[in-house]
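Observations on the three-dimensional arrangement
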Amino acid sequence: MFSSDELKKQKTPKVEMIIERKELIKAPVTTNEPLARINIKLGDRVLKTVPLYAVADVAEKKSKLSDIYKTFKQIIE
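Since we're looking at a predicted model, the values are computed, not measured.

Conventions adopted
Sequence positions are assigned chain by chain, starting from 1 and proceeding in written order. The model is predicted, so local features are restricted to residues of pLDDT at least 70 and side-chain atom pairs to those at 80 or more, both for listing and for counting; the totals for chains, interfaces and linings are taken over all residues. Side-chain calculation: all heavy atoms of the structure are included, whereas hydrogens and water are not. Strands here are runs of E lasting at least two residues and helices are runs of H or I lasting at least four, both read from the DSSP assignment and numbered beginning at the N terminus. N or O atoms closer than or at 3.5 Å make up a polar contact, with two conditions inside protein: a donor-capable atom paired with an acceptor-capable one, and, for residues adjacent in sequence, both atoms drawn from side chains. Any two residues whose heavy atoms approach within 4.5 Å are treated as being in contact. By the convention used here, strands pair only if DSSP detects at least 2 bridges between them. One confidence number per residue, pLDDT, is output by the predictor and ranges from 0 to 100.

**Some words on the side chain of Asn-39**
- With respect to the helices and strands, the residue Asn-39 is situated in strand E2 (residues 34-42).
- A distance of 2.4 Å separates the side chain of Asn-39 from the side chain of Glu-20, its partner in a polar contact.
- Reaching out from Asn-39, the side chain makes a polar contact with the side chain of Thr-49 at a distance of 2.7 Å.
- Once residues within four sequence positions are removed from consideration, Asn-39 is found in contact with Glu-16, Met-17, Ile-18, Glu-20, Val-46, Lys-48 and Thr-49.

**Here we look at the pairing of strand E3 (residues 45-53)**
- Note that E2 and E3 share eight bridges and pair antiparallel. Its bridge partner being in E3, Asn-39 is matched across the sheet by Thr-49.
- Counting the residues that bridge the hairpin from E2 to E3 gives two residues, and of these Gly-43 lies at a positive phi of roughly 65°.

**What about the confidence of the model for the chain?**
- Across the chain, the average pLDDT comes to 82, with 75% of residues at or above 70.
- Mean pLDDT across the secondary structure elements of the chain bottoms out at helix H2 (residues 64-76), with 69, and peaks at E3, with 93.

Here is the structure:
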């Protein structure tokens, strides 16, 4: 951590949260699956790195085409 003297020496300390991930996050995702990590920085110094996990399952999205087909089928019937 920074001492109060170190913080006073910096004219305008900039706090940043930077999310790091290896690739684009896509469904399906399972609960507690590691997704990324968040680096909390003050200036050029990383203060803390926090892992980011999925809090719930996310199923793969079905194609809209199947939803459209089902709608037309219901209209025809």
